[in-house]
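Secondary and tertiary structure notes
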Amino acid sequence: MKNWLKQKLIDLQRYTKTDNIYLAKYGSIMFSSNIVSAGVALALSLAFAHFISKETYGHYRLLSSGLGLVSILTLPGLFTALQRAVAQGFGNTLGPVVAEKRRWGVLAAIALIAMGTYYHVARDLPTVGLIAFIIGALCIPLLESYKLYAAYLSGKKEFNVSSGYAIVGQLSYAVVMVGTMFLWPHLLPIAVVLTIGNTIIQGIIFHRTLKNFPPTGSIDVTAIPYVRKLVFSNFISAIANQIDAFISYTFIGPVALANYSFATLPSDKLDLITNPIIHLAFPKLAAAPREHIRANVYAVWLKLWLLGAIIVGAFIVAAPYFYQLLFPNYVNMVGLSQLYSLTFLTLPNGIILTTFEAKGMIKELYMIQIFASATQIALALVLGIKYGLLGLIVS
């Protein structure tokens, strides 16, 4: 039976133009993991929608967006660099990368405190919100470095182990967060779970990874300099990814940020199901010759675009029933959510960026990321300030 299935997968490669054996071996557990992630995200969203007020959720989202923005100062490109180095046999690159990330994490902590202070003084963030920002600042150097376990395991092609760890981490976090919201539906307790709780969970997984998969091989001395060259483009990308949250909170208020978050939430969480395709491709692309990539990448692009179109169509039909059933307090966000789902038509662009990252094509990454991010930032500022949430969705 096993040999029959393997042969069928090989036969289908004539039509899929994909390594089906590789996809079946590593993809099944990753897709399962991301389905669990989507389920966890749905459970958390239900808890946020039913247990805490829109204003509290808006303050919480400002903190989580702040953490996401300042994390760029911890050099997120180190994740890709480590993954690439380990895939090429430089397992001991892990140590220097972790140390580098923690050094830059101190700068991220300072930035987060400055951000919280600004919103407390100038934008009426309550004192408890400022305390939450300070707690986040104390955690971010460790939290961001612990997340590197996933890059390390991915480079080793230990996708099943990485996915298993991710499931355990997500379920643990969800149980603690939902329980906290149910018992103490206030900003500070849920902020503590977001920061301290998440750091403890990620730390346990990180040290478990080191125990079970000790680093071997030499150190890739080019990994960190490679990442430093991408700091500017990554910084612009991070601003583009988070600017909508800051515009909605700053110019409209915390309730508007809560509404906007639930308008974009379904489409953002559907990414959890499609991301494994890009994630699985990285080690293959890092090891493959450029001629092979050039011959196959555009066929993959077209398939991903068709997948995105199917997802968009299905979501537009299902959205009214989805919100009425699960998020009745946010049912007025259905139209904006349907409009935002069109972003799935850009799903295949991820495979192009992953190709450039895997092959260390810094110039091409700069050109694409800076242009796309600068355009998104400009549109968000102009349309978001003038037209509110609709403008942010369109941007």
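Residues numbered from 1 in each chain as written. Predicted model: local features only at pLDDT ≥ 70, side-chain atom pairs only at ≥ 80, totals over all residues. Heavy atoms only, no water.

1. Regarding the overall build of the protein chain
The test is simple: Put simply, DSSP marks the helices as runs of H or I at least four residues long and the strands as runs of E at least two long, and each gets a number from the N terminus on. Whether a residue is buried, partly exposed or exposed follows from its accessible area with a 1.4 Å probe, protein chains only, as a fraction of its type maximum: under 20%, in between, or over 50%, in that order. Throughout, a contact is declared for two residues whenever any of their heavy atoms are within 4.5 Å. Values of accessible area rely on a 1.4 Å probe in the Shrake-Rupley scheme; residue burial ignores everything except the protein chains shown.
The helix and strand tally for the protein chain stands at 17 helices and zero strands. Scored against the burial criterion, the 395 residues of the protein chain give a buried share of 50%. Taking the contacts inside the protein chain whose residues are at least 6 apart along the sequence as the reference set, 84% of them involve residues at least 24 apart. Element-wise, carbon and sulfur atoms account for 69% of the exposed surface of the protein chain, whose accessible area totals about 18200 Å².

2. What to know about the packing of helix H3 (residues 54–70) against helix H9 (residues 187–212)
Note the cut-off: Think of each axis as a best-fit line through the C-alpha atoms, taken over the contacting stretch in the case of a helix, with angles from 0 to 180 degrees between the N-to-C directions. In these notes the angle categories are as follows: under 35 degrees is roughly parallel, over 145 is roughly antiparallel, 65 to 115 is roughly perpendicular, and the rest is oblique. In this scheme the crossing of two helices becomes right-handed for a clockwise turn of the near helix relative to the far one and left-handed for an anticlockwise turn of less than a right angle. Lys, Arg, Asp and Glu make up the charged group, whereas Ala, Val, Leu, Ile, Met, Phe, Trp, Tyr, Cys and Pro make up the nonpolar group; the residues left over, Gly among them, are polar.
Between H3 and H9, the shortest axis-to-axis distance is 10 Å and the interhelical angle comes to 25°. Judged by the inter-axis angle, H3 sits roughly parallel to H9. Crossing of H3 over H9 shows right-handed handedness. Two secondary-structure elements touch here, H3 through Thr56, His59, Tyr60, Leu63, Ser64 and Leu67 and H9 through Leu187, Ile190, Ala191, Leu194 and Thr195. Looking at the contact of H3 with H9 residue by residue, the classes come out as seven nonpolar, four polar and no charged.

3. A few points about the environment of Phe206
For Phe206, the location among the structural elements is in helix H9. Beyond its immediate chain neighbours, meaning those up to four positions away, Phe206 contacts Val98, Ser145, Tyr146 and Tyr149.

4. Re the packing of aromatic side chains
Convention followed: Note on ring pairs: Phe, Tyr and Trp rings are taken, using the six-membered ring of Trp, and paired if centres are within 6.5 Å. Classes follow the plane angle, with under 30 degrees stacked, over 60 edge-to-face and the rest tilted. Remark: a charge is flagged as sitting over a ring if the NZ atom of Lys or the CZ atom of Arg is within 6 Å of the ring centre and within 35 degrees of the ring normal.
On inspection of all chains with the given rule, the structure shows 15 aromatic pairs. Ring centres of Tyr118 and Tyr119 lie 5.0 Å apart, and the angle between their planes is 80°; on these two criteria the pair is classed as edge-to-face. The exposure class assigned to Tyr119 is buried, which follows from its relative accessible area of 6%. Each residue in the set Phe48, Tyr57, Tyr60, Phe262, Phe322, Tyr323, Phe327 and Tyr330 is aromatic and connected to the rest through ring pairs, giving one cluster. Its end group placed over the ring of Tyr330, Lys54 keeps NZ or CZ at 4.6 Å from the ring centre.

5. Some details on the confidence of the model for the protein chain
Rule in force here: pLDDT runs from 0 to 100 and stands for how confident the predictor is about each residue.
When pLDDT is averaged across the protein chain, the result is 83; 76% of the residues are at 70 or more. Per-residue pLDDT, averaged within each element of the protein chain, yields its smallest value for helix H1 (residues 2–16) (49) and its largest for helix H6 (residues 127–146) (97). Contacts of residues 9–13 to residues separated by more than four positions or lying in other chains number nine contacts, the stretch itself having pLDDT below 50.

6. Concerning helix H5 (residues 94–122)
Note the cut-off: Helices are assigned an expected span. That span is 1.5 Å times one less than the residue count.
Spanning 29 residues, H5 covers 41 Å between terminal C-alpha atoms, matching the ideal 42 Å at 1.5 Å per step. Among all positions in H5, only Leu94, Val97, Val98, Glu100, Lys101, Gly105, Ala108, Ala109, Leu112, Met115, Gly116 and Tyr119 are buried. The first or second residue beyond H5 is Asp124, which carries a positive phi of 65°.

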